[in-house]
Amino acid sequence: MRIPCPYCGPRDSSEFAYLGDAAPRRPADGDAEAMATYVYLRDNPAGPMDELWYHAQGCRSWLVVSRDTRDHAVSGARLAAGASA
Amino acid sequence: MRYSVFSLLGQALAGNTGWKPAWRDAAPQPRYDVIVVGGGGHGLATAYYLARTHGIANVAVLERGWIGGGNVGRNTTIVRSNYLLPGNIPLYELSMQLWEGLEQDINYNAMVSQRGVLNLYHSDGQRDAYARRGNAMRLHGIDAELLDREGVRRLYPFLNFDQARFPIQGGLLQRRGGTVRHDAVAWGYARAASDRGVDIVQNCAVTGFLREGGRITGVETTRGTIRAPKVALAVAGSSSQVAAMAGLRLPIESHVLQAFVSEGLKPIIPGVITFGAGHFYISQSDKGGLVFGGDIDGYNSYAQRGNLPVVEDVCEGGMALMPAIGRARMLRSWGGIMDMSMDGSPIIDRTPLDGLYLNAGWCYGGFKATPGSGAVFAHLIARDEPHPAATALTLGRFAAGRVVDEKGQGAQPNLH
Ligand SMILES: Cc1cc2nc3c(=O)[nH]c(=O)nc-3n(C[C@H](O)[C@H](O)[C@H](O)COP(=O)(O)OP(=O)(O)OC[C@H]3O[C@@H](n4cnc5c(N)ncnc54)[C@H](O)[C@@H]3O)c2cc1C
Ligand SMILES: [Zn+2]
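Residues numbered from 1 in each chain as written. Chains lettered and ligands numbered in written order. Predicted model: local features only at pLDDT ≥ 70, side-chain atom pairs only at ≥ 80, totals over all residues. Heavy atoms only, no water.

> An account of the sheet that holds strand β3 (residues 17–21) of chain A is needed here, citing residue identities and associated values.
In sheet architecture, strand pairing relies on hydrogen bonds along the backbone and comes in two forms, parallel and antiparallel. All names here are of chain A. Read across the sheet, four strands follow the order β3-β4-β5-β6 without closing on themselves; strand pairing throughout is antiparallel. With partners counted over all chains shown, the strands left at the sheet margins are β3 and β6 (74–79), one partner each. Going from strand to strand, the sheet's axes swing by 30 degrees on average, the running direction of each strand aside. Inspection of the sheet shows strand β4 (residues 48–54) paired to strand β5 (residues 62–68) by seven bridges, in the antiparallel sense. Each residue of the ladder has a partner; that of Met 49, found in β5, is Arg 67. (Pairing = 2+ DSSP bridges. Helix = DSSP H or I, 4+ residues; strand = E, 2+ residues; numbered from the N terminus. Axes fitted to C-alpha atoms, helices over the stretch in contact; angles between N-to-C directions.)

And the structure:
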């Protein structure tokens, strides 16, 4: 599996650390139920998914990688900084 | 047909022409008392204990593919009850005790082999952590022995004790742990459940739920509508997918775990060994193949196959622990989809929908739990209250902050 880092080009996935689904957003107001949902509940889709990877052994950027969880095909990657908040 | 030495001898003399199919491949009926979704180890065991312990035999097990085709037939067959937290220990020990009597109970040879599970430690900190774990086990009446370096050497003289980076200091041994033939567990429970009247329905995927208000009253399947006042999910790596059909989101991610088998060798490894400095564990099957594995690949996956970095990592771990393994050729490898929960522990509970029960989140360690999981899930379904061995494993524990996090990793499934 190779991840096309916008800075470094296509790099082996083992250079990256995985965080998970990029969709959950931290609730602003600290409501306990919304917070539990944010921390624990996931869609866990079988199919295309946007997810957070960190290029630990490269440029040290956080990326949003688009990948299909059924066959691991990576369709793109962009910088997470400045991604929709 | 009861299996015994006499049936074996009789069939040997008759040229093995009189064996009957071990279970009925049933067609679905329109209505049951309980529907169990998922014909893996946990679903089949649940159906069996519903019939045996609770007298509820009007039960269907609905399996999308064939029974034994999921993780129950893909795991590395290790069973143990060496857990640390009071929320987990009683369940895994119940399971261990059920393994010890399983073959007599279901009249099926599952090759339960209590050959011992040894977890190695390579630092003072790791030794202290294992001493604590062993003490927790013993406080619950479970066997645990902390071995020093010489104790390990007596068992496994061929390990790489003086490895430059991670010398072996000792290990925590559970002698009652070991291995169980995984397919036989699926087949044995299927046969025993079927004999008691349970319908095992294969090639029957659940595609939706029937609802009346907040109640689940049955399922839609690829083989038609089937009704039941109680529907129980035991679909392992597909838990999020099936729960989503009922509108539920779960604290679970699906990840791929790989396993490997070498060519057949003469007996060399009598028990189960885990390397403490990397993630690698190994045992030898009765056919002679070395069965080994390591970490999950680490990213969400439904592919049932992993990638090469983990293959390399596992083999490096093997070489560090046991250099002799380098001479063996790898025969095959495969992957299975793990339902990794947010705290690394399973969920056995009712759901917000009446009539819908959930058994999920087994991560990479659910095979050892198969009998216990079936027993406590059957109890929950039959009586609508948790079994005393599984009171902590609720769905609500996450929001309530009562997680059961053996490793202390937090809500990051790929680290458990
Ligand atoms: C490589 C590997 C090694 C492992 N090693 C160990 C080990 O050494 N020790 C240990 O304790 N555990 C181990 N595990 C974990 C263990 O195998 C699982 O936790 C356990 O088997 C899961 O429960 P199960 O047997 O019920 O799952 P499964 O056998 O996966 O059963 C779930 C079933 O649900 C079916 N299903 C899914 N969706 C639907 C639907 N919509 N309708 C109908 N049916 C459906 C699936 O087809 C499947 O057959 C390992 C797993 C893997 C992959
Ligand atoms: Zn980069």
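> Residues and numbers for the nonpolar core, please.
Residues and elements named next belong to chain B. Ranked by size, the top nonpolar core spans 60 residues in total, and within it Tyr 189 and Ile 348 carry the most contacts. Elements with a contribution of two residues or more to this core: β1 (34–37), α2 (41–54), β2 (59–62), α3 (89–106), α4 (124–139), α6 (182–195) and α9 (370–383). For this core, the two domains that each supply at least three residues are domain 1 (27–108 + 182–251 + 343–415) and domain 2 (117–177 + 253–340). Not counting residues within four places of it along the chain, the set of residues in contact with Ile 348 comprises Leu 91, Leu 358, Trp 362, Val 376, Phe 377, Leu 380, Ala 390 and Leu 393. Core analysis: the second largest hydrophobic core is formed by 32 residues, Val 37, Ala 228, Leu 353 and Phe 398 among them. (Core = buried A, V, L, I, M, F, W, Y, C linked by side-chain atoms within 4.5 Å. Buried < 20%, exposed > 50% of the residue type's maximum accessible area, 1.4 Å probe, protein only. Domains from an automatic or database assignment. Contact = heavy atoms within 4.5 Å.)

> So what about the pattern of salt bridges? Which residues, and what values?
Residues and elements named next belong to chain B. Going through the model one piece at a time under the given rule, you end up with 21 salt bridges over all chains. Its salt-bridge partner being Arg 115, residue Asp 286 comes within 2.9 Å of it at the nearest N-O pair. Of this pair, Asp 286 sits in the loop between β15 (280–284) and β16 (289–300) while Arg 115 sits in the loop between α3 and β4 (117–121), placing them 171 residues apart in sequence. Overall, the relative accessible area of 56% leaves Asp 286 in the exposed class. We note a salt bridge from Glu 150 to Arg 153, for which the minimum N-O separation is 3.4 Å. Residue Glu 150 and its partner Arg 153 are both found in helix α5 (residues 149–155); the two are separated by three residues, about one turn of the helix. When its relative accessible area of 40% is taken as the criterion, Glu 150 is described as partly exposed. What makes Arg 153 partly exposed here is its relative accessible area of 29%. Connected through salt bridges with shared partners, the residues Glu 93, Glu 100, Asp 143 and Arg 176 form a single ionic network. (Salt bridge = Lys/Arg side-chain N within 4 Å of Asp/Glu carboxyl O.)

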